[in-house]
Amino acid sequence: MSEVIGIDHLTVNYGKTRALTDVCLSVPSGAYLGIIGPNGGGKTTLLSVILGTVRPSGGTLTLFGEAPERGRARLGYVPQFAAFDRAFPITVGEVVATAYLGRGLHPFRRLGRAERAGAEAVLDEVGLSGFSQRLVSELSGGEFQRMLLARALAKAPEVLLLDEPTSGVDPATRARIYELLTARNRRGMTVLMVTHDMLAVSSSVTSLACLSHSLVYHGEPEISEAVSTAMYGCPVDLIAHGTPHRVLRSHDGKGGCDCHDCH
Amino acid sequence: MTVIEAFLHYRFMQNALVAALLCGVLCGLIGVIIVEKRLVMMSGGIAHTAYGGVGLGYLFGFSPLLGAVLFSLAAAFGIGTLRRRGGARTDVLISLFWSLGMAAGIVFVALAPGYPPDLNSYLFGNILTVTSGDLWLMLGVTALVVLLLLALFEDLRSYLFDETFAAVSGLRVRLLEWLVLGLIALTVVVLLRVTGIMLAIALLTAPAATAAMLTRRLFPRMLTAAGLSAGFSVAGLVLSFYFNIPSGATVVALAVLTYATVLGVRTLRRRRTA
């Protein structure tokens, strides 16, 4: 399979702070890669370099064999839900339709019937049919997240990047998002998902990368105790909550788990 | 004499009326962008930095408004560039530009030969002193803002809602950012004659914030803010005529009182329905 993302000895520094050090990773076409790691471990930074919004301090990253700025038009991106001003006066349909704007500037461009129909179709796919005239301020957390997913899928991207797509959403929405991602992946779309959700790691992704400033592990979606200890800096267990949800928790009781089920 | 007779007979009153309407439209349109993109403090910084340009104009004998244009554009692009590069907090950068601009203005005026000029009209505005030249500047800036907003509305809405996604989609986000900052700087200069440097921020935010409570979509919000802002400007002018009070301060007081009233009514309604 051809390589869609090639990362070669990538290093990213923010001033004197090292976010990523000497990361090497190759993502083939059609992969479904989960990226896990502790908070501040460089997961979002890696996505930002792939998106071309953060420049590497060292090493290289290619997207479809090109610089990220050139290849990123073929990407879909679902950002972290928490980063939004949800009071912004825009409807769900208008948000999804922004995906159709394309490159450059578009003087006097108004969205046409075909684009509105495309937005409706993708909203239907994520379970938001009939939502297109609703304001984003009227959406629940799960609906907002699905709207962002619809926007990312609207232009049928070859690679989809997701930054914690299930944080703050209910279990039913979470399951629906994973089903949708699995279905799209089976139809050939490459998926890279940053997550803290171990359910996704154990049941959805086909490969796993563990980041803690450097790449601690890359391979099958089953991680050994030695790898998880190296990643989180302390021994961790996979524990259950009486639901199919599994999380990491440290033996010493410190941190390790961002899951709201644990708090 | 009634205010209608004054508008019919006096050129300075006619200039003031046209200036009030143009400023209203401008403040409403740009104000919504400022409020939605959370650039209120940035706009305050740009407005106060403009004072350095006013002082420079007096020192070297050219138009203080031209000096204000240069300084406010330099502040907008300076803060924008430094903020993007990182390494310093945006609020710190804004406060430094804010203070440096004011300090430079004070020093330049002190160094200017002869008696120091009266700078109150630049600090607090005096719409009755608007000249025909000022009106042409206001008309040009308002036409530019209206044209650009109509032409690039979809691009701007995408940029304002989610800058990162817009950049990833290939939208020219950097250009849009410069455009927004440049238009804020020009709007601030237009406002110098009406509300002055000290009060400009209120007319840029209060009508837009009031419109946000009355409308649900972006374009109607811009139109409502423009209408409110023009209404406040004309009403402020009329009140200042009858009560012989400063026009800029009256306009701002009306805008802020209306915001407080709408907020109060909305809060009461929500409590009743809860």
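Another point: the overall build of chain B. Of the regular secondary structure elements, chain B holds 13 helices and zero strands. Counting helices and strands in the order they occur from the N terminus, chain B gives α-α-α-α-α-α-α-α-α-α-α-α-α. Compactness check: chain B gives a C-alpha radius of gyration of 19 Å against a globular reference of 19 Å for 274 residues, within 12% of the reference. Taken over the C-alpha atoms alone, chain B extends approximately 55 × 50 × 35 Å along its principal axes. Residues classed as buried in chain B amount to 50% of the 274 residues present. Partitioning the intrachain contacts of chain B with sequence separation of at least 6 by distance along the chain shows that 75% fall at a separation of at least 24.

Summary statistics for chain A give a mean pLDDT of 83 and a share of 83% for residues scoring 70 or more. In this model residues 239–263 of chain A is a low-confidence stretch, pLDDT under 50, and it forms 48 contacts with partners more than four residues away in sequence or in other chains.

Attention now moves to unusual backbone geometry. All names here are of chain A. Although it is not a glycine, Asp22 sits at a positive phi angle of roughly 50°. Mapped onto the secondary structure, Asp22 falls in strand 2 (residues 17–28). Backbone geometry at Phe108 places phi at a positive 60°, although glycine is not the residue there. In this fold, Phe108 is placed in the loop between helix 3 (92–97) and helix 4 (113–125). When the 9 C-beta atoms within 10 Å are taken as the criterion, Phe108 is described as exposed.

At the interface, 21 residues of chain B touch 25 residues of chain A. Elements represented by at least two residues in the side of chain B that touches chain A include exactly helix 8 (153–161), helix 9 (163–168) and helix 12 (218–243) of chain B. Among the elements that line the side of chain B that touches chain A, the one with the most residues is helix 8 of chain B, at five residues. Counted by class, the side of chain B that touches chain A contains nine nonpolar, four polar and eight charged residues.

Turning next to the nonpolar core. Residues A:Val96, B:Ala50, B:Ile184 and B:Leu203 are the most contacted members of the largest nonpolar core, which totals 158 residues. With 14 residues, the single largest contributor to this core is helix 2 (residues 11–36) of chain B. Every residue in contact with B:Leu203, bar those within four places of it in the chain, is listed here: B:Cys27, B:Leu191, B:Thr195, B:Ser229, B:Val251, B:Val252 and B:Ala255.

Now for the environment of B:Ser169. By the secondary structure assignment, B:Ser169 is in the loop between helix 9 and helix 10 (173–191). For B:Ser169, a count of 23 C-beta atoms within 10 Å puts it in the buried group. Each C-alpha atom, one on B:Ser169 and one on B:Glu5, is 56 Å from the other, the two residues being 164 residues apart in sequence. Excluding residues within four positions of it along the chain, B:Ser169 makes contact with A:Ala99, A:Leu101 and A:Gly102.

A few words on the packing of helix 7 (residues 132–151) of chain B against helix 10 of chain B. All names here are of chain B. Remark: helix 7 packs on helix 10, axes separated minimally by 10 Å, with the N-to-C direction vectors making an angle of 150°. In terms of orientation, helix 7 lies roughly antiparallel with respect to helix 10. The handedness of the crossing between helix 7 and helix 10 comes out as left-handed. Residues Leu137, Met138, Val141, Val145 and Leu148 of helix 7 lie in contact with helix 10, whose contacting residues are Leu179, Leu183, Leu186, Thr187 and Val190. Broken down by class, the residue content of the contact of helix 7 with helix 10 amounts to nine nonpolar, one polar and no charged.

To continue, consider the sheet that holds strand 2 of chain A. All names here are of chain A. With antiparallel pairing, three strands are arranged side by side in an open sheet as 2-1-4. The open sheet is flanked by strand 2 and strand 4 (58–63), the only strands paired with a single partner. Put simply, the sheet's adjacent strands are angled 20° from each other on average, direction ignored. Where strand 1 (residues 3–14) lies against strand 2, eight bridges are found, and the strand directions are antiparallel. Residue Ile5 lies in a different strand from strand 2, and its bridge partner there is Val27. In the packing of helix 1 (residues 43–51) onto the sheet, the strands contacted are strand 1, strand 2 and strand 4, and the crossing angle to strand 1 comes to about 120°.

Right, let's talk about the confidence of the model for chain B for a bit. Residues and elements named next belong to chain B. For chain B, mean pLDDT is 92; residues scoring 70 or higher make up 100% of the total. Element-level mean pLDDT values for chain B span from 85 in helix 6 (residues 120–124) up to 95 in helix 12. Our summary of model confidence lists the complex with pTM equal to 0.84 and ipTM equal to 0.84.

What follows concerns the environment of A:Ser48. All names here are of chain A. Tracing the backbone through its elements, the reader meets Ser48 in helix 1. According to the C-beta neighbour criterion, Ser48 is partly exposed, with 19 such atoms within 10 Å. C-alpha separation for the pair Ser48 and Asp163, spaced 115 residues apart in sequence, amounts to 10.0 Å. Residues contacting Ser48, with those up to four places away along its chain left out, are Thr53 and Val54.

Reading the values: the criteria
Residues numbered from 1 in each chain as written. Chains lettered and ligands numbered in written order. Predicted model: local features only at pLDDT ≥ 70, side-chain atom pairs only at ≥ 80, totals over all residues. Helix = DSSP H or I, 4+ residues; strand = E, 2+ residues; numbered from the N terminus. Rg over C-alpha atoms; globule rule 2.2 N^0.38 Å. Buried ≥ 20, exposed ≤ 12 C-beta atoms within 10 Å, placed from the backbone. Contact = placed C-beta atoms within 7 Å. pLDDT = per-residue confidence, 0-100. Nonpolar A, V, L, I, M, F, W, Y, C, P; charged D, E, K, R; others polar. Core = buried A, V, L, I, M, F, W, Y, C linked by C-beta atoms within 7 Å. Axes fitted to C-alpha atoms, helices over the stretch in contact; angles between N-to-C directions. Parallel < 35°, antiparallel > 145°, perpendicular 65-115°, else oblique. Left-handed = near helix turned anticlockwise from the far one by under 90°. Pairing = 2+ DSSP bridges.

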